[in-house]
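Descriptive analysis of the structure
Here's the letter readout for the chains.
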Amino acid sequence: LTHAIAERFVLTPSRIITGNGSDELLALCFHGFCPKGAVFADVTYGFYPVYCRMFGTSCETVPLRADFSLNVDDYRDREGTVFLANPNAPTGLALPLADVERLVRGNPGSVVVVDEAYVDFGGESALPLIHKYDNLLVTMTFSKSRSMAGARLGFGAACKELIADLNAIKYATNPYNVNGMTMAAGIGALEDEEYTRANCRAVMETREDVTAALREMGFE
């Protein structure tokens, strides 16, 4: 499975870790990568504050703008570990890659975790940046675009040193986190990229239809 992910995303296996959904990998990050707390938006994935409470990690929430967009400058030079859902949930807004890079570059002394659960629905992945920045970790999931939410499979990508650290935590807590059937399903999904892309197109077209219909009804 790790080699199949590496081949699909043009990475080396030492830069990849798999998990029981990307949720598990995010939990490992809150557990091991937040010596000075965590920083994330006030409107974002609801499990971030849950993980902070679970591991006794202090957290700081940063307000979004009035239009729900995220201001990168609010996250630069932070002591805490920045967690960025991009595209954000539930707002659906995505930062361009240049802004993500500016955020990563602006926090050289700490890890920046970019949660790309919804990136296949129109976002721009930060995966290429892991070759340039050793403090960047990108997490992805098979739950959304590959329709495998019940199978529980995700992966993280970063420099090999960060992945080694995450593996140390993983093998000390739950080394059997991904079962064989899920691994096989994940490999199968990676081998059928045309099907995945068709699913993504269908979801995005439906999203545009719903947006148009809501605007016709007077919603903003």
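Located above this text is the structure these notes cover.
First things first, this report covers the structure right here in the doc. (Residues numbered from 1 in each chain as written. Predicted model: local features only at pLDDT ≥ 70, side-chain atom pairs only at ≥ 80, totals over all residues. Heavy atoms only, no water.)

Looking only at helices and strands, one finds seven helices and seven strands in the chain. Walking the chain from its N terminus toward its C terminus, one meets helices and strands in the order α-β-α-β-α-β-β-α-β-β-β-α-α-α. Computed over the C-alpha atoms, the radius of gyration of the chain is 17 Å, within 12% of the 17 Å expected from 2.2 N^0.38 for a compact globule of 220 residues. Its C-alpha atoms put the chain at 55 × 40 × 30 Å along the principal axes. Of all 220 residues assigned to the chain, the portion counted as buried reaches 48%. Considering only contacts in the chain between residues 6 or more positions apart, those separated by 24 or more positions represent 67%. Of the roughly 11,000 Å² of accessible surface on the chain, a fraction of 55% belongs to carbon and sulfur atoms. (Helix = DSSP H or I, 4+ residues; strand = E, 2+ residues; numbered from the N terminus. Rg over C-alpha atoms; globule rule 2.2 N^0.38 Å. Buried < 20%, exposed > 50% of the residue type's maximum accessible area, 1.4 Å probe, protein only. Contact = heavy atoms within 4.5 Å. Areas by Shrake-Rupley, 256 points an atom, 1.4 Å probe, with all protein chains shown as cover.)

Using the criterion set out here, one finds twelve salt bridges in the structure. Close ionic contact of glutamate 193 with arginine 8 constitutes a salt bridge, the shortest N to O distance being 3.0 Å. Highlighted residues: glutamate 193 in helix H7 (residues 193-216) and arginine 8 in helix H1 (residues 2-9), separated in sequence by 185 residues. Here arginine 8 falls in the partly exposed class, since its relative accessible area comes to 30%. (Salt bridge = Lys/Arg side-chain N within 4 Å of Asp/Glu carboxyl O.)

Quick look at the layout of surface pockets now. The gaps of empty space that remain are located by a probe, the size of a water molecule, rolled over the atoms. Its boundaries defined by the atoms lining it, the largest pocket holds a volume of some 490 Å³. For the largest pocket, the full set of lining residues is Asp67, Phe68, Thr91, Gly92, Leu93, Arg207, Glu208, Thr211, Leu214, Arg215, Phe219 and Glu220. In terms of residue class, the lining of the largest pocket is made up of four nonpolar, three polar and five charged. Its volume calculated, the second largest pocket comes out at about 210 Å³. Lining the second largest pocket are 13 residues, with Pro87, Gly92, Tyr118, Phe121 and Arg207 positioned closest to its centre. Within the lining of the second largest pocket, the residues separate by chemical class into seven nonpolar, five polar and one charged. (1 Å grid on protein atoms, 1.4 Å probe; cavity = no way out; pocket = protein on both sides within 12 Å on 5 of 7 lines; lining within 4 Å. Points joined across faces, edges and corners; volume = space filled by probe spheres on them. Nonpolar A, V, L, I, M, F, W, Y, C, P; charged D, E, K, R; others polar.)

Now for the nonpolar core. Formed by 39 residues in total, the largest nonpolar core has its most connected members in Phe9, Leu70, Tyr75, Val100, Leu136 and Val138. For this core, the secondary-structure elements that each account for two or more residues are H1, strand E2 (38-41), strand E4 (81-85), helix H4 (97-105), strand E5 (112-115), strand E6 (136-141), strand E7 (154-157) and helix H6 (180-190). The dominant element in this core, judged by the number of residues it contributes, is H4, at four residues. If near-sequence neighbours (up to four positions away) are discounted, leucine 70 is found in contact with Ala41, Leu64, Arg65, Tyr75, Leu84 and Leu95. Core analysis: the second largest hydrophobic core is formed by 25 residues, Ala27, Phe33, Leu137 and Ile163 among them. (Core = buried A, V, L, I, M, F, W, Y, C linked by side-chain atoms within 4.5 Å.)

It is worth spelling out the sheet that holds E2 at this point. Strands belonging to one sheet form pairs held by backbone hydrogen bonds; the direction of such a pair is parallel or antiparallel. Read across the open sheet, the seven strands follow the order E1-E7-E6-E5-E4-E2-E3; overall the sheet is mixed. In this open sheet, the two edge strands, each paired with only one partner strand, are strand E1 (16-19) and strand E3 (59-62). With direction set aside, neighbouring strand axes in the sheet form an average angle of 20°. Pairing of E1 with E7, which is carried by four bridges, proceeds in the antiparallel orientation. Paired with isoleucine 16 across the two strands is alanine 157, which belongs to E7. Packing against the sheet, H1 makes contact with E1, E6 and E7, and its axis sits at approximately 125° to E1. (Pairing = 2+ DSSP bridges. Axes fitted to C-alpha atoms, helices over the stretch in contact; angles between N-to-C directions.)

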